[in-house]
Amino acid sequence: MSSFTLLVTSAPYSGQSAYSAYRFAVAAVESTHLIKGIFFYQGGALNGSELQLIPSNEFNLHQAWKQLSAEHNIPLMVCVSAATKRGITNAQDAGDTDQIHHSLSPEFQSVGLGDLAILLADSDRLVQF
Amino acid sequence: MALAMSNFGQDVSLFFIEDGVLQLVKGQTPDTIQHKAYYKTFAALGFYDINNIYVCQQSILERNIEVTDLLIPVTLIEPDQLTALMSESAQVMVF
């Protein structure tokens, strides 16, 4: 059994990468490997947006991330600087900066790069998508 | 990212390859296109104990850049050394 951290730097629906990250995570847990955490950075932070409206006949990646996280107890972490500059803010940060709306799903944690370092120290491998 | 990882006790090596080498070139004036002077951060790498800074010799050659055109002291490497050096790292991130 190996332990993995996934680094997702790709936005959803702008290529296959974010979806591939999800498929990798599913394959890993099905093979009894451990996913220590999934860290969303750069454009990947957009995966955390709760405001995505996906046509019902298309795969809903956002929903899939949340389900995977809940079923296998995998933390979903979004880099706060990468996210906020892309309009992905949690309720707290939106309130603090007098924004009317927030967009980060509560299932995603808003964290710093230090949390990625902690995940890495605890994982056998890092896989970037 | 390198600074954050080093802050949390990771040994960091940096590799500049292909167009990435352009980040290290002296004489940048990012303010003329309303961009942050990101290149100034490179001077801080030493303070964060990041001393393994590798630049692909072929990449700077192809772009007509001399090592004296670079902002910080670096170690030049050949493309075939790249894979060997990278394999010494437990984890690799690409930007």
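This text follows the structure it describes.
Rules behind the numbers
- Residues numbered from 1 in each chain as written.
- Chains lettered and ligands numbered in written order.
- Predicted model: local features only at pLDDT ≥ 70, side-chain atom pairs only at ≥ 80, totals over all residues.
- Helix = DSSP H or I, 4+ residues; strand = E, 2+ residues; numbered from the N terminus.
- Pairing = 2+ DSSP bridges.
- Axes fitted to C-alpha atoms, helices over the stretch in contact; angles between N-to-C directions.
- Contact = placed C-beta atoms within 7 Å.
- Nonpolar A, V, L, I, M, F, W, Y, C, P; charged D, E, K, R; others polar.
- Parallel < 35°, antiparallel > 145°, perpendicular 65-115°, else oblique.
- Left-handed = near helix turned anticlockwise from the far one by under 90°.

1. Some details on unusual backbone geometry
Argument step 1. At D98(A), a position not held by glycine, the phi torsion is positive, near 55 degrees.
Argument step 2. By the element assignment, D98(A) lies in the loop between α4 (91–96) and β4 (108–111).
Argument step 3. Although it is not a glycine, D49(B) sits at a positive phi angle of roughly 60 degrees.
Argument step 4. Structurally, D49(B) is set in the loop between β1 (13–16) and β2 (52–56).

2. Observations regarding the sheet that holds strand β3 (residues 75–77) of chain B
All names here are of chain B.
Argument step 1. Across the sheet, three strands lie side by side as β1-β2-β3; this open sheet has parallel pairing. On the outer flanks of this sheet lie β1 and β3, each paired with one strand and no other. Each strand of the sheet is rotated relative to its neighbour by a mean of 30 degrees, with strand direction disregarded.
Argument step 2. Note that β2 and β3 share three bridges and pair parallel. Of the residues in β3, the one forming a bridge with C56 is I77.

3. A word on the interface of chain A and chain B
Argument step 1. The interface is formed by nine residues belonging to chain A together with nine residues belonging to chain B.
Argument step 2. Broken down by secondary-structure element, the contributors of at least two residues to the side of chain A that touches chain B are α5 (113–121) and β5 (125–128) of chain A.
Argument step 3. Per-element accounting of the side of chain A that touches chain B gives the leading share, five residues, to α5(A).
Argument step 4. For the side of chain A that touches chain B, the per-class residue count stands at six nonpolar, two polar and one charged.

4. Focus: the packing of helix α1 (residues 17–30) of chain A against helix α2 (residues 61–72) of chain A
Residues and elements named next belong to chain A.
Argument step 1. Remark: α1 packs on α2, axes separated minimally by 11 Å, with the N-to-C direction vectors making an angle of 25 degrees. Considered as vectors, α1 and α2 are oriented roughly parallel to each other. Seen from above, α1 lies across α2 with left-handed handedness. Of the residues in α2, those touching α1 at A18, Y19, Y22, A25, V26 and V29 are L61, A64, W65, L68 and H72.
Argument step 2. Tallied by class, residues from the contact of α1 with α2 come to 10 nonpolar, one polar and no charged.

5. Considerations on the environment of E50(A)
Argument step 1. By the element assignment, E50(A) lies in the loop between β2 (34–40) and α2.
Argument step 2. Each C-alpha atom of the pair E50(A) and S103(A) lies 5.4 Å from the other, and the pair is 53 residues apart in sequence.

6. Remarks on the sheet that holds strand β1 (residues 3–8) of chain A
All names here are of chain A.
Argument step 1. Strand order in the open sheet made by the five strands is β4-β3-β2-β1-β5, with parallel pairing throughout. The open sheet terminates on both sides in strands that have one partner only, identified here as β4 and β5. Averaged over neighbouring strand pairs, the angle between their axes works out to 25 degrees when direction is ignored.
Argument step 2. Sheet topology places β2 next to strand β3 (residues 76–79); three bridges connect them, and they run parallel. Across the sheet, the residue bridging to F39 is M77, located in β3.

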